[in-house]
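So the chains spell out like this:
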Amino acid sequence: MIKYIYNYIKMKKYNFNPGPSILPKEVIEATAAACLDFQGSGLSLMETSHRAKNFQPVVDEAVALFKELLDIPEGYSVIFLGGGASLQFCMVPFNLLEKKAAYLNTGVWATKAEKEAKLFGEVVEVASSKDKNFTYIPRDFEIPTDADYLHVTTNNTIYGTELLHDVDSPIPVVADMSSDIFSRPLDVSKYGIIYGGAQKNLSMAGVTFVIIKEDLLGKVSRQIPTMLDYRTHVKKGSMFNTPPVVPIYCALENLKWIKRQGGVKAMEKLAIERAKIIYDEIDRNKLFMGTAEVDSRSRMNLTFVMVPEYQELQDEFLAFASEKGMVGVKGHRDVGGFRASCYNAMSIEGCQALAACMKEFEAKH
Ligand code: PLP
């Protein structure tokens, strides 16, 4: 353990990876400790049964913290599943799409979700920002009132765009919040389902969260395989089959950490502060420019490129940033350039270090 902590400090790296991504040091340490000895039981968490008396409270507390931190109203369940957000792309229409669904297309993940829905019924694309390589969030679109739900991806991890308000909709809203959950307060009552892979703002990879309004279930006429039916997991409290115990424990530690920091309001304040530091530098620095339209900029994934005159400096900057301890700032291949992913655990100091690194690189050129 001491060796692990020593290595962690020695590295002094700033983790800007898009996911799996940075987690608070305390959360990693608590999870690592539980993997060595779970609550003094003499067993590793990895060899502990999900049905063990000391594991059920982990799930119960994680669910309770989800409800407390996001102020989830009565009538909603929180479940933990496997399969990643990608499995939700098909579980959502399997469970909710009777005739028609509406999708807002804001990027690759939204497109993938839409593609799965087409297997189950008619899909109306209410708007798309594909015309400009998904650099903005479409604002004006009409939501068909006869659709079963509207699907949105609130944060577009690849393109660095984010829908920062809860959509008012006459039909249930289903939101993929894989990369911005717990980064701002939400009005959960405006959503039918909120889901996401855990590996950004919630936990390590391996668990998927789903917040679901119970009265939406059981309305489609098709047969749903047991494992893909939300009702199975709601009824069994995420224990229908073996859940990923370590990622759920890690999620619990992270939820406790978020609470200690002051909850989602505090997370939002920090997210605004972090994003300002980096976007201000992108806008000031003669070498760089942002890729997303300003009013659609994400606080979680900050995308930028070299301005055309300095395009040839891209690899040099990546090498320079890496030498300064910046990890994971290479942009996704669909956008190019750079992406600084600043999830909840990213410190203000980390963002200042990246901004200083950009400044120093500018001074060299
Ligand atoms: N949705 C969004 C917004 C994502 O960023 C990702 C992964 O990065 C996914 C879905 C896919 O998640 P998973 O790998 O858990 O299936």
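Everything below is about the structure shown above.
Bear in mind that the values here come from a model prediction, so they are computed numbers and not experimental data.

Trainee: Can you help me understand the pattern of salt bridges in this one?
Mentor: When their charged atoms lie close together, side chains carrying opposite charge are able to pair. Counting across every chain of the model gives 18 salt bridges. Of the charged contacts in the structure, one is a salt bridge between Glu 114 and Lys 118, with a shortest N-O distance of 3.7 Å. Look at Glu 114 and you get buried, because its relative accessible area is 4%. For Lys 324, the salt bridge identified is with Glu 360, shortest N-O distance 3.0 Å. Of the two residues, Lys 324 sits in the loop between α9 (314–323) and β13 (326–327) while Glu 360 sits in helix α10 (residues 348–363), which places them 36 residues apart along the sequence. According to the relative accessible area criterion, Glu 360 is partly exposed, its value standing at 39%.

Trainee: I keep staring at the packing of α9 against α10 and nothing clicks. Help me out?
Mentor: For any two helices packed against each other, the geometry is given by the interaxial angle and the distance between the axes. The interhelical angle for the contact between α9 and α10, taken along N-to-C directions, is 130°, at an axis separation of 10 Å. In terms of their interaxial angle, α9 and α10 are classed as oblique. The way α9 lies across α10 gives a crossing that is right-handed. In this structure, α9 contributes Glu 316, Phe 317, Phe 320 and Ala 321 to the contact, and α10 contributes Cys 357, Met 358, Glu 360 and Phe 361.

Trainee: Please explain the sheet that holds strand β10 (residues 208–213) as it appears in this structure.
Mentor: Within a sheet, adjacent strands bond to each other through the backbone by hydrogen bonds, running parallel or antiparallel. On the basis of which strands lie adjacent, the open sheet formed by 7 strands has the order β2-β10-β9-β8-β5-β3-β4 and mixed pairing. Two strands lie at the open edges of the sheet, namely β2 (76–81) and β4 (122–128), each paired on one side alone. Strand-to-strand twist across the sheet, computed as the mean angle between neighbouring axes with direction ignored, equals 20°. As judged from the 6 bridges shared by strand β3 (residues 100–105) and β4, these two strands associate in the parallel manner. Each residue of the ladder has a partner; that of Tyr 103, found in β4, is Glu 125.

Trainee: Is there a simple way to think about unusual backbone geometry in this case?
Mentor: Note on backbone geometry: most residues besides glycine have negative phi, and most peptide bonds are trans. With an omega of -10°, the peptide bond running from Gly 19 to Pro 20 counts as cis. One can find Pro 20 in the loop between β1 (14–15) and α2 (25–36). The phi dihedral of Asp 71 falls on the positive side, at around 50°, and the residue is not glycine. Relative to the elements of secondary structure, Asp 71 occurs in the loop between α3 (56–69) and β2. With a relative accessible area of 62%, Asp 71 lands in the exposed category.

Trainee: Got a minute to help me understand the side chain of Glu 162 in this structure?
Mentor: Relative to the helices and strands, Glu 162 resides in strand β7 (residues 161–162). Buried and unpaired, Glu 162 has Arg 184 as its nearest opposite-charge partner, separated by 5.1 Å. Sequence-distant contacts of Glu 162, defined by excluding residues within four places in its chain, comprise Ile 137, Thr 154, Asn 155, Asp 180, Ser 183, Ser 296, Arg 297, Ser 298, Arg 299 and Met 300.

Quick notes on the rules
Residues numbered from 1 in each chain as written. Predicted model: local features only at pLDDT ≥ 70, side-chain atom pairs only at ≥ 80, totals over all residues. Heavy atoms only, no water. Salt bridge = Lys/Arg side-chain N within 4 Å of Asp/Glu carboxyl O. Buried < 20%, exposed > 50% of the residue type's maximum accessible area, 1.4 Å probe, protein only. Helix = DSSP H or I, 4+ residues; strand = E, 2+ residues; numbered from the N terminus. Axes fitted to C-alpha atoms, helices over the stretch in contact; angles between N-to-C directions. Parallel < 35°, antiparallel > 145°, perpendicular 65-115°, else oblique. Left-handed = near helix turned anticlockwise from the far one by under 90°. Contact = heavy atoms within 4.5 Å. Pairing = 2+ DSSP bridges. Lys, Arg positive; Asp, Glu negative; His and termini not counted.

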